[in-house]
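Next come the chains, spelled out residue by residue.
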Amino acid sequence: MKYRVLIEQDEDGVFVAEAPSLPGCISQGNTRSEALSNIREAIAGYLESLEAHSEPVPPSISEEIVEVFGERAAANLWT
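Residues numbered from 1 in each chain as written. Predicted model: local features only at pLDDT ≥ 70, side-chain atom pairs only at ≥ 80, totals over all residues. Heavy atoms only, no water.

(A) Just the environment of Gln 9, in detail. By the element assignment, Gln 9 lies in strand β1 (residues 6-9). A sequence separation of 22 residues divides Gln 9 from Thr 31, and the C-alpha atoms of the two residues are 9.0 Å apart. A distance of 3.1 Å separates the side chain of Gln 9 from the backbone oxygen of Gly 13, its partner in a polar contact. (Helix = DSSP H or I, 4+ residues; strand = E, 2+ residues; numbered from the N terminus. Polar contact = N/O pair within 3.5 Å; in protein donor to acceptor, adjacent residues only side chain to side chain.)

(B) Here's a closer look at the sheet that holds strand β2 (residues 15-18). Spatially, β1-β2-β3 is the arrangement adopted by the 3 strands of the open sheet, whose pairing is antiparallel. Both edges of this open sheet fall to β1 and β3 (26-29), since each of them pairs with a single strand only. Between one strand axis and the next, the sheet turns through 25° on average, direction left out of account. Note that β2 and β3 share 4 bridges and pair antiparallel. Directly across from Phe 15, in β3, lies its bridge partner Gly 29. Along the sheet, helix α1 (residues 32-52) makes contact with β1, β2 and β3, crossing β3 at roughly 150°. (Pairing = 2+ DSSP bridges. Axes fitted to C-alpha atoms, helices over the stretch in contact; angles between N-to-C directions. Contact = heavy atoms within 4.5 Å.)

(C) Local environment of unusual backbone geometry. Of note in the backbone geometry, Ser 54 takes a positive phi value of approximately 55° without being a glycine. Take Ser 54: it is sitting in the loop between α1 and α2 (71-77). Residue classification places Ser 54 among the exposed residues on the basis of a relative accessible area of 69%. (Buried < 20%, exposed > 50% of the residue type's maximum accessible area, 1.4 Å probe, protein only.)

Structure below.
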C-alpha cells in the first residue's frame, strides 16, 4: 500500500514525517532517511492497529507528479 508522506525539517534541524491520510501518524528522525524509515514503521503499526480494532483502513493512493515549466522554460523545450 502507498500513503502520501510529508517531510519537513523543523527549527531544531529534526526531520518530521507525517502521513496526512492517517490522523496522528507522525514520526521524526535526525536525517531525512531516518525520518522516512521511522514513518514507514509508524504507518505499519497504525494499519495493524486499525485492523486489530476492525476499523476501516484508508485506501492506498495513486498519484503522479506534474512538473510545470515557466513560459521561458517551455519555449526552450520546443526549440
